[in-house]
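# What the coordinates show
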Amino acid sequence: MKITVIGCGRLGTPYTVALAEMGHDVLGVEVNPEALAALQDSRCPFDEPGVTDYIRKNVDAGRLRFTGSFDEAVAHGELFFLAVPTPQKQDGATMDVTAVEDSIRQIARRLTRDVVLIGKSTVPVGTAERMAALAADVAPSGVELRIGWSPDFLREALSMETTLRPARLVLGTSPTDREVVEAVARRAWAPFVDAGAELLVTDFVTADLTKAAANAFLSTKMSFINLVDNMCRAAGADMTVVSHSLGLDPRIGDFGLTPGLGWGGSCLGKDIRAFADRAEELGAHATARFLMLVDEANTDRRTMAVDHARAVLGDLADATVAVWGASFKPGVGDISDSPALDVAVRLHQAGATVRLYDPSVNDLVNRRHPDLTVVDTAQDAVEGADLLMVLTDWQEFSDLDPSMLTEHAEPRTVIDARRCLNPQRWQEAGWSHELLGYTRPALGDGR
Ligand SMILES: NC(=O)c1ccc[n+]([C@@H]2O[C@H](COP(=O)([O-])OP(=O)(O)OC[C@H]3O[C@@H](n4cnc5c(N)ncnc54)[C@H](O)[C@@H]3O)[C@@H](O)[C@H]2O)c1
Ligand SMILES: O=c1ccn([C@@H]2O[C@H](COP(=O)(O)OP(=O)(O)O[C@H]3O[C@H](CO)[C@@H](O)[C@H](O)[C@H]3O)[C@@H](O)[C@H]2O)c(=O)[nH]1
C-alpha cells in the first residue's frame, strides 16, 4: 500500500520505518530541515536504538523515502498517518493541538481524491471527533477526507520493538466512515495483526480515552509505589520486600514497582495533566482530583531529592554535588521533563555547584543549562564533590566499580535515587549508601 506519515519525530520515524518494514511503500513528511536532512541521508535524527539500521534497510529496498513537501505527500498516499507533536500549553494543563489541525488543513485543501487519514498523535479526549469535523469542512466538495484515530503506545528506547510488535491497535472512527476507514486500516495493519496485535475498533472518544487511561494508569502505579515507599519509611518497613511481593502478584505485575525519583519524559506528565483538565471540564471532578494528586506525588520526589541532599550537606550553597544521569530514563537521549535534570537544576538554583555526567545527553544539557558543569566521565563528576547523587538508572552506573572512585570523593556519601546500585558493594568500598528519602539514622542497613 502507498502510505504517507506526517511528522517524523520520536513516534513518526519508528512508525514510518515499521510500515516500510511490513512491505508498504512509505513516504515520511518532516518539516524540520535538520531532521529531514538526516532522514534523507538514511539517519535517525535522534538517539534511538536500531532505528537507523531499519531506515537504511528499507531505503535500500526502495520502500521508504522522506520529503518536506506536502504536495508530494498528498500525491503519494491512499492512507495518511499523522504523528505531529501535541505539547503541553503554557497554562500547564491542556495540550496544544495546532500542529494536528494545521496538518489536516494542509492535506485536506490539496486533495483531489478520497483518502483516509488516521491520527496517531495523543490528543485530549474529544479532539479526534473535532478533527473529523475539521477535515469535512476543509476538504474540497466532492472529495472525502475520512478520519480515524489510533493512539500509539510506543516506548522510547524500545521504539522499534514496541512499533513492530504492538500488543494492541486501537482505531476510533465515526459510524458513517467506519466501513471504509476500518477496511483501509486492516489492510495496512494486517502484518501487525498477524504478528499477534489485537485490533479494537471503536468510536473516537473511546479511542482517545484508551491512550489517556493507559498513561494515567502507568503514572498512577509509579506514583503509588513511591507513596508506599514514604509509608515504609514512616513505619520502618522494608520497601524492597513490599515491592517484590506486589510484583509477584500476576494481577499487579512488576513493571514500575521500584520506588525512586519518579516518572518523566515527553508524554506521561502532559498526558495526565490534559486528562485531568478534560475530566474537570466534563464534570468528572473526582477523576480530575485523583489525577492531579498522582502528578503531585510524582513531583514531590524531586523535592525530596533536593531535601535529602540538604540533609546530608547542611547548606547547599558552596557545596559541590556530583550528579550521575540527566536523561529522563536510561537508554534514551531525551531530557524532556527529566526528573534527574530537574533535580540538578534545583540543586544549582539552591547554590550548589553541580558536576553532571550522563552517558547520552551531555551535549544537550551543556546547550540548555550552561550553568551546570558537565563532565566527560562518571569518575570526573565525583572529583572534589561533597556528595554523589545517582538520578538516572543507567547500566553504566550499576556496573561501575565504586572502589575506583574512592580517592576522588571525600566524604563518601551516595544518594541512590533510582535504587540501581549494589549497596553492599558501595559500603565495602567505603561509601555511605543512602536510598532516596531515607533519613540518616535509618541508613546503612542496605535498604
Ligand atoms: N515519543 C513517544 O514516546 C510517543 C509515544 C506515543 C505517542 N506519542 C505522541 O505522538 C505525538 C508526536 O510525539 P513525538 O514524541 O514524536 O514528537 P516529536 O517532537 O519527537 O516529533 C514530532 C515531529 O513532527 C514534526 N512536525 C511538527 N509539525 C509538523 C507538521 N505540521 N507537518 C509535518 N511534521 C511536523 C516535528 O518537526 C517533529 O519532527 C505526540 O502527540 C505524542 O504525545 C509520542
Ligand atoms: O519502575 C519504573 C519504571 C519507569 N519509571 C520512569 O517512568 C518514566 C516513563 O518510562 P517508560 O514508560 O518506559 O517511558 P516512555 O517512553 O515515556 O513511555 C510512556 O509514554 C509513551 C508516550 O505516551 C507511551 O506510549 C508509553 O506506553 C509509556 O510507557 C521514565 O521517567 C522512567 O524513568 C520509573 O520511575 N520507575
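Anyway, here's the lowdown on the structure attached to this text.

The rules behind each value
- Residues numbered from 1 in each chain as written.
- Chains lettered and ligands numbered in written order.
- Predicted model: local features only at pLDDT ≥ 70, side-chain atom pairs only at ≥ 80, totals over all residues.
- Heavy atoms only, no water.
- Helix = DSSP H or I, 4+ residues; strand = E, 2+ residues; numbered from the N terminus.
- Rg over C-alpha atoms; globule rule 2.2 N^0.38 Å.
- Buried < 20%, exposed > 50% of the residue type's maximum accessible area, 1.4 Å probe, protein only.
- Contact = heavy atoms within 4.5 Å.
- Areas by Shrake-Rupley, 256 points an atom, 1.4 Å probe, with all protein chains shown as cover.
- Pairing = 2+ DSSP bridges.
- Right-handed = clockwise from strand over helix to strand, strands pointing away.
- Near = heavy atom within 4 Å.
- Polar contact = N/O pair within 3.5 Å; in protein donor to acceptor, adjacent residues only side chain to side chain.
- Phe/Tyr/Trp six-rings, centres within 6.5 Å; stacked < 30°, edge-to-face > 60°.
- Lys NZ or Arg CZ within 6 Å of the ring centre and 35° of its normal.

### Considerations on the overall build of the chain
When helices and strands are tallied, the chain shows 17 helices and 14 strands. Taking 447 residues into account, the globule formula puts the C-alpha radius of gyration at 22 Å, and the chain, at 24 Å, falls close to it. Within the chain, buried positions represent 53% of all 447 residues. Long-range contacts, defined as pairs at least 24 residues apart, comprise 73% of the intrachain contacts of the chain with a sequence gap of at least 6. For the chain, the accessible surface area stands at approximately 19,000 Å², while carbon and sulfur atoms represent 51% of it.

### Looking at the environment of L400
Within the secondary structure, L400 sits in the loop between α16 (395-399) and β13 (413-416). Distance in space between the C-alpha atoms of L400 and V26 is 43 Å, their sequence separation being 374 residues.

### Focus: the pairing of strand β7 (residues 168-173)
Within β7, five of the six residues are buried, leaving the element largely enclosed by the surrounding structure. Looking at chain direction, strand β6 (residues 145-149) and β7 are connected through two bridges and run antiparallel. Counterpart to W149 in the pairing with β7 is G172. Since β7 and strand β8 (residues 198-202) lie parallel, the crossover through helix α8 (residues 178-194) that links them has a hand, and here it is right-handed.

### Quick look at the site of ligand 2
Taken together, the neighbourhood of ligand 2 is formed by 21 residues, with L154, E156, K211, N215 and C267 sitting nearest. Within the backbone of G264, a nitrogen or oxygen atom sits 2.9 Å from an oxygen atom of ligand 2. Between ligand 2 and F328 there is a distance of 3.0 Å, counted from an oxygen atom to a backbone nitrogen or oxygen. Protein chains shield 89% of the accessible area of ligand 2, which is 700 Å² for the free molecule. Among the elements that line the shell around ligand 2, the one with the most residues is helix α9 (residues 204-235), at four residues.

### What about the packing of aromatic side chains?
Inspection of the entire model under this criterion finds six aromatic pairs. An aromatic cluster is built from W324, Y357, F397, W426 and W431, whose rings are joined through pairwise contacts. Positioned above the aromatic ring of Y15, the side-chain terminus of K120 is 4.7 Å from the ring centre. Here the basic side chain of R168 rests over the ring of F153, its NZ or CZ set 3.5 Å away from the ring centre.

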